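As a plain string of letters, each chain reads:
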Amino acid sequence: MIERLSTAPRPLGKSGILVSPIAWGMWRLRGDDVAGARALIEAALDSGITLFDTADIYGFDGTSGFGDAEAALGCVLSEAPALRARMVLATKGGIVPGVPYDSSPAYLERALDASLRRLNVDHVDLWQVHRPDLLAHPQELAAALEKMVASGKTHAIGVSNFTPAQVTALQNFLTIPLASTQPEFSPLHLDPLWDGTLDLAMTHDHAILAWSPLGGGRLAESGPVATLLTDKGAQYGVSAAAAAYAWLMAHPARVIPIVGSQRVERIREARDAFKVEWTRAEWYAVLQASMGEKLP
């Protein structure tokens with residue numbers, strides 16, 4: 001049996017910040033429903049989730065609404081400021097509609113300040129580069145990120161959707177530790193297992209924040225992986241989604257899945273993941289079902 005999952009808070013890399021083993025993401029948060037947003041936030045907190053992940057691009061529909069998800073959270077925090085002390089707040093920047101990426105120091109500084117205004121806070125706990133800007137030298141990016149931390153506007157820095165080589169290049173120029181990396185990772189998207197993302201994270205103690213841990217909803221469809229997860233969930237009286245979270249969390253990189261649901265009941269059921277225990281044979285069966293072939 002693989003080691004039983006723990007509900008205890010865990011370090012966010014070497015940042016000194018403790019976070020819950022599961023996070024809640026706001027990429028689908030509606031900017032026009034503050035009451036609904038507050039209900040979702042409170043459901044997450046009541047479920048033991050303390051890490052909240054958003055981004056300045058969340059809420060953008062292609063024509064308007066840049067920053068809507070952050071603004072909605074800011075309205076909630078203005079209405080109920082005591083909630084801020086209960087959460088570890090993470091946001092991201094660097095995606096610019098029509099560009100598409102800008103990690104120049106001047107832009108990132110403006111992006112962070114704009115996020116703080118929308119969120120109605122004076123700092124975030126974690127700020128992440130949302131996607132790599134191929135025209136930004138890692139030395140220049142490192143200096144910009146260190147300036148953010150020195151300003152007190154963020155306590156820790158991370159990256160999202162970076163390759164292991166891009167993470168290594170950036171870390172080489174940083175004098176402070178990179179706290180986290182955020183790849184797409186699910187039982188249907190296995191790249192982090194093979195491309196070195198998880199190995200690098202374990203080497204340098206980066207927290208792994210897994211986005212789209214349910215495969216963008218594809219795990220709800222029929223297929224061999226869905227069947228195995230459904231059967232495993234049924235064994236413990238939980239949903240296939242909870243079994244999927246547990247499958248990710250069983251990896252020794254101590255993956256933190258980012259729950260993306262905008263339904264209170266689905267957020268609450270995420271804590272059922274801690275009820276599920278995987279044997280090595282069962283875990284590898286899911287992996288091989290996803291691969292469509294046996295391991296050698």
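Fair warning: this is a prediction, and the values are worked out from it, not measured in the lab. (Residues numbered from 1 in each chain as written. Predicted model: local features only at pLDDT ≥ 70, side-chain atom pairs only at ≥ 80, totals over all residues. Heavy atoms only, no water.)

### What about the sheet that holds strand 9 (residues 207-210)?
Strands sit in the order 3-4-5-6-7-8-9-10 around a closed barrel of eight strands; the barrel is parallel. Strand-to-strand twist across the sheet, computed as the mean angle between neighbouring axes with direction ignored, equals 30°. Alignment of strand 5 (residues 88-93) against strand 6 (residues 124-129), held across four bridges, turns out to be parallel. Within strand 6, the position partnered with Lys-92 by the bridge is Gln-128. (Pairing = 2+ DSSP bridges. Helix = DSSP H or I, 4+ residues; strand = E, 2+ residues; numbered from the N terminus. Axes fitted to C-alpha atoms, helices over the stretch in contact; angles between N-to-C directions.)

### Some details on the environment of His-130
Summarising the element assignment, His-130 is placed in the loop between strand 6 and helix 4 (138-151). Judged by relative accessible area, which is 7%, His-130 ranks as buried. Sequence separation between His-130 and Ser-104 is 26 residues, and the spatial gap between their C-alpha atoms is 13 Å. Once residues lying within four places of it in the same chain are set aside, the contact partners of His-130 are Ala-55, Ile-57, Tyr-58, Lys-92, Gly-93, Ile-95, Ser-160 and Asn-161. (Buried < 20%, exposed > 50% of the residue type's maximum accessible area, 1.4 Å probe, protein only. Contact = heavy atoms within 4.5 Å.)

### Digging into the side chain of Ser-103
Residue placement: Ser-103 occurs in the loop between strand 5 and helix 3 (105-119). Ignoring sequence-local partners within four residues, the contact set of Ser-103 consists of Leu-108, Val-129, Arg-131, Asp-133, Ala-136 and Leu-141.

### Let's talk about the pairing of strand 6
The element strand 6 is extensively covered by neighbouring structure, given that six of its six residues are classed as buried. Traced from strand 5 through helix 3 to strand 6, the parallel crossover comes out right-handed. Note on the crossover from strand 6 through helix 4 to strand 7 (residues 154-160): the handedness is right-handed. (Right-handed = clockwise from strand over helix to strand, strands pointing away.)

### Quick look at the layout of surface pockets
When its volume is computed, the largest pocket comes out at roughly 550 Å³. Residue lining of the largest pocket: 29 residues in total, with Trp-27, Arg-28, Leu-214, Gly-216 and Gly-217 positioned closest to the centre. For the lining of the largest pocket, the elements supplying multiple residues, two or more each, are helix 9 (240-249), strand 10 (256-259) and helix 10 (264-269). With four residues, the top contributor of residues to the lining of the largest pocket is helix 9. Residue classes in the lining of the largest pocket are distributed as 13 nonpolar, 10 polar and six charged. (1 Å grid on protein atoms, 1.4 Å probe; cavity = no way out; pocket = protein on both sides within 12 Å on 5 of 7 lines; lining within 4 Å. Points joined across faces, edges and corners; volume = space filled by probe spheres on them. Nonpolar A, V, L, I, M, F, W, Y, C, P; charged D, E, K, R; others polar.)

### Quick notes on the pattern of salt bridges
Overall, the coordinates contain 13 salt bridges when judged by the stated rule. One salt bridge connects Arg-86 with Asp-46, and the closest N-O pair in it is separated by 3.7 Å. Taken together, the residues Arg-86 in the loop between helix 2 (68-79) and strand 5 and Asp-46 in helix 1 (residues 34-46) connect sequence positions 40 residues apart. In this structure Arg-86 comes out as partly exposed when scored by relative accessible area, which is 41%. Between Glu-109 and Lys-147 there is a salt bridge whose closest N-O contact spans 3.5 Å. Placement of Glu-109 in helix 3 and of Lys-147 in helix 4 is noted, with a sequence separation of 38 residues between them. If you follow the salt bridges from partner to partner, you end up with Arg-38, Glu-42 and Glu-79 in one network. (Salt bridge = Lys/Arg side-chain N within 4 Å of Asp/Glu carboxyl O.)

### Structural notes on helix 11 (residues 280-291)
For helix 11, with 12 residues, the first-to-last C-alpha span of 16 Å sits near the 16 Å given by 1.5 Å per residue. Looking at the buried side of helix 11, the elements it contacts are helix 6 (191-194), helix 8 (224-236) and helix 9. Downstream of helix 11 by a residue or two, Gly-292 has a phi angle that is positive, lying close to 80°. (Expected span 1.5 Å × (residues − 1).)

### Quick notes on the pairing of strand 7
Extensive coverage of strand 7 is indicated by the burial of six of its seven residues. Here strand 6 runs beside strand 7; their pairing, made up of five bridges, is parallel. Across the sheet, Gln-128 pairs through a bridge with Gly-158, a residue of strand 7. The sheet contact formed by strand 7 and strand 8 (residues 180-182) spans three bridges and is parallel. Its bridge partner being in strand 8, Ser-160 is matched across the sheet by Gln-182. Tracing the backbone out of strand 7, into helix 5 (residues 164-173) and back to the parallel element strand 8 gives a crossover that is right-handed.

Remember that the coordinates give geometry; whether it matters functionally is a separate question.
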